[in-house]
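# Analysis of the macromolecular model
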Amino acid sequence: MPPRLPKICIAIQAASPAEMLSRACLALKETRFLEFRLDSLPSPAAALAQLKKFLIANENITAIATCRRTANTGGFAGSVDEELSILLRAARAGCNIVDLEVESAEEAAPVQFEKFRADLHKAGVQFLISFHDFSRTRGVDRAADRIAAFAPDLIKVVSTAQALSDNLAILRLVEDRSASARILGIAMGEEGLVSRVLGPRAGSAFTFASLEDGAATAPGQVTAKAMRTLYRAHKLNRDTRIFGVAGNPIAHSLSPLMHNTAFHREGVNAVLLPLKTRTVQDLLALMLELPMSGAAVTMPLKQEVLPHLAGQAAGMDRLVQRIGACNTLRVGGDLKLYGYNTDVAGVVRPLERRMKLKGARIAVLGAGGAARAAVFGLVDQGAEVFIVNRTHENGVALARAAKAKALKHAQFARQHFDAIINSTPCGMKDAKEPLPIAEDELNADLVFDMVYNPLETPLLKLAKSRGIATISGLEMFIQQGARQFEIWTGKTPPEGEMRRVVERELKRRG
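Description of the structure in this document.

### Points about the sheet that holds strand β8 (residues 207-209)
- The strand order across the open sheet formed by 8 strands is β7-β6-β5-β4-β3-β2-β1-β8, and the pairing between neighbours is parallel. The open sheet has two edge strands with one neighbour each: β7 (183-188) and β8. Averaged over neighbouring strand pairs, the angle between their axes works out to 25° when direction is ignored.
- The pairing of strand β3 (residues 62-66) with strand β4 (residues 97-101) spans 3 bridges and is parallel. Residue A65 lies in a different strand from β4, and its bridge partner there is V98.
- Packing of helix α1 (residues 17-27) onto the sheet brings it into contact with β1 (8-12) and β2 (33-37), and relative to β2 it is tilted by some 165°.
- Seen against the sheet, helix α8 (residues 193-202) touches β7 and β8 and runs at an angle of roughly 165° to β7.

Dropping the structure here:
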């Protein structure tokens, strides 16, 4: 029985042997399971002596040697004979596993192939045969059968995800075959992250990661640090509850950091993944078939998901019905979807900690989706809400729906408010307009800016310079996330820790 492999393997490619081994040294801080992409080197054979010295000097490393040919989407321009020779020499240099693409296995002469396999096994090296499709996810079972015909020690099937639902085909393949074969399945691309993180949980022998950002050897590959500390891929098991944050774009969402930190801090066996999707149907297919326990959704999914909630009115909280938007999904024990709007909590909770909302005069700048949650939520708390929008007619429509009031800009400028809330993109990083109102119109006791990148917006800076109390968009983000955590887990969220990690990451991003 071959030794059990670590769950995360760092794939390394480089322009020279020295660079490859330098990166390998850095990778050892994360894992002792490395793949050496010899086909990324100008002369793979010339690197083998140095690789042997490295493997002798660093004991207990599990090393994979790969030298994929250009005809099979690799970087090695040589023949099948040359590829087999390099892989065998890599095995004798100390690599524990060699990866041969199925096309090369099929092209090699039978006698030549069998001798290669026998020489590997004589050296105590495991034989992995792989299949890669860089355009789509289709026929993965047929691909696995092609590989299985050669009876390798490990089967590797890699496709490209064009939708979230493509992860299901890969995970089913792994689940179906892992009892009788050592297999790993991965869907490449941003949409395929689910398969990368959940593969080992489904029975995959291991999964791949990159050394650092910008060093991926395949589309959608994330860093080993993210796999280990953010998603804890090596710790997930069949009891792990799966959540997601869905939208497009979604890669830079801070929700995975915030929620995974909270899950770990409170001892909840769960993980939240970023889910890139263009349609609500794609999201729901993944959620219900995986199945998932819940998800956060962004626009336009907040509205598109409404018809899919359980019994519609029965499947959504009162605020979802009134606002007409749902940003939080929970999958019930009946596998039906239940919807919530936690954007309201993101506005109401920070304000009610600072003032009595009943009877408070609050001006909301903007009339979009974020404003809608604020207006309905504050009216529900008994506040007197005034909507100020560039297109006055849109403000009037929202005011009528929420039982608020709409003001033209000139009317707004002549009045005083207990709080002003900015729901517009003004002040956002790289936004053309830094302020939603003129400097002399800051006529309130408190200013709340929903924008949280940058942490201190031009509007908040102006308010602070005048001694006006402020609430940042970061606090709204944390509070809506805290409410999601409550809905999903029934536990009290660790708000301080959630805020700390998000704030630190925003500062890191600049």
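### A closer look at empty space enclosed by the protein
- With the rule as written, the count across this model stands at 3 cavities of 30 Å³ or more.
- Considering only enclosed or pocket space, the largest cavity measures out at about 140 Å³ in volume.
- Looking at the largest cavity, it is lined by 14 residues, and the ones nearest its centre are H132, K156, T217, A218 and Q221.
- Here the lining of the largest cavity is composed, by residue class, of 6 nonpolar, 3 polar and 5 charged.
- Here the second largest cavity is characterised by a volume of approximately 50 Å³.

### Describing the sheet that holds strand β16 (residues 405-407)
- Pairing within the open sheet is parallel, and its 6 strands lie in the order β16-β15-β14-β17-β18-β19. Two strands lie at the open edges of the sheet, namely β16 and β19 (469-471), each paired on one side alone. Across the sheet, the axes of successive neighbouring strands diverge by a mean angle of 25°, strand direction being ignored.
- As paired strands, strand β14 (residues 361-365) and strand β15 (residues 384-388) are joined by 5 bridges and run parallel to one another. Each bridged residue has a counterpart across the sheet, and for V364 the counterpart in β15 is I387.
- Against the sheet, helix α16 (residues 392-402) engages β15 and β16, with an angle of about 165° to β16.
- Strands in contact with helix α18 (residues 458-465) are β17 (419-422), β18 (446-449) and β19; relative to β18, the strand with the most contacts, it is inclined by about 165°.

### Concerning the nonpolar core
- Ranked by internal contacts, the top residues of the largest apolar core, which has 96 residues, are F36, L38 and L198.
- Among the elements that line this core, the one with the most residues is helix α3 (residues 80-92), at 7 residues.
- Look past the residues within four positions of F36 in its chain and what remains in contact with it is I12, M20, L21, A24, L51, F54, L55, A63, I64, A65 and T66.
- In terms of nonpolar packing, the next biggest core, distinct from the first, is built from 33 residues, A325, A360, A404 and A419 among them.

### A word on the packing of aromatic side chains
- Using the criterion set out here, one finds 12 aromatic pairs in the structure.
- An aromatic cluster is present here, built from F113, F116, F127 and F150 joined pairwise through their rings.

Cut-off values and rules
- Residues numbered from 1 in each chain as written.
- Predicted model: local features only at pLDDT ≥ 70, side-chain atom pairs only at ≥ 80, totals over all residues.
- Heavy atoms only, no water.
- Pairing = 2+ DSSP bridges.
- Helix = DSSP H or I, 4+ residues; strand = E, 2+ residues; numbered from the N terminus.
- Axes fitted to C-alpha atoms, helices over the stretch in contact; angles between N-to-C directions.
- Contact = heavy atoms within 4.5 Å.
- 1 Å grid on protein atoms, 1.4 Å probe; cavity = no way out; pocket = protein on both sides within 12 Å on 5 of 7 lines; lining within 4 Å.
- Points joined across faces, edges and corners; volume = space filled by probe spheres on them.
- Nonpolar A, V, L, I, M, F, W, Y, C, P; charged D, E, K, R; others polar.
- Core = buried A, V, L, I, M, F, W, Y, C linked by side-chain atoms within 4.5 Å.
- Buried < 20%, exposed > 50% of the residue type's maximum accessible area, 1.4 Å probe, protein only.
- Phe/Tyr/Trp six-rings, centres within 6.5 Å; stacked < 30°, edge-to-face > 60°.

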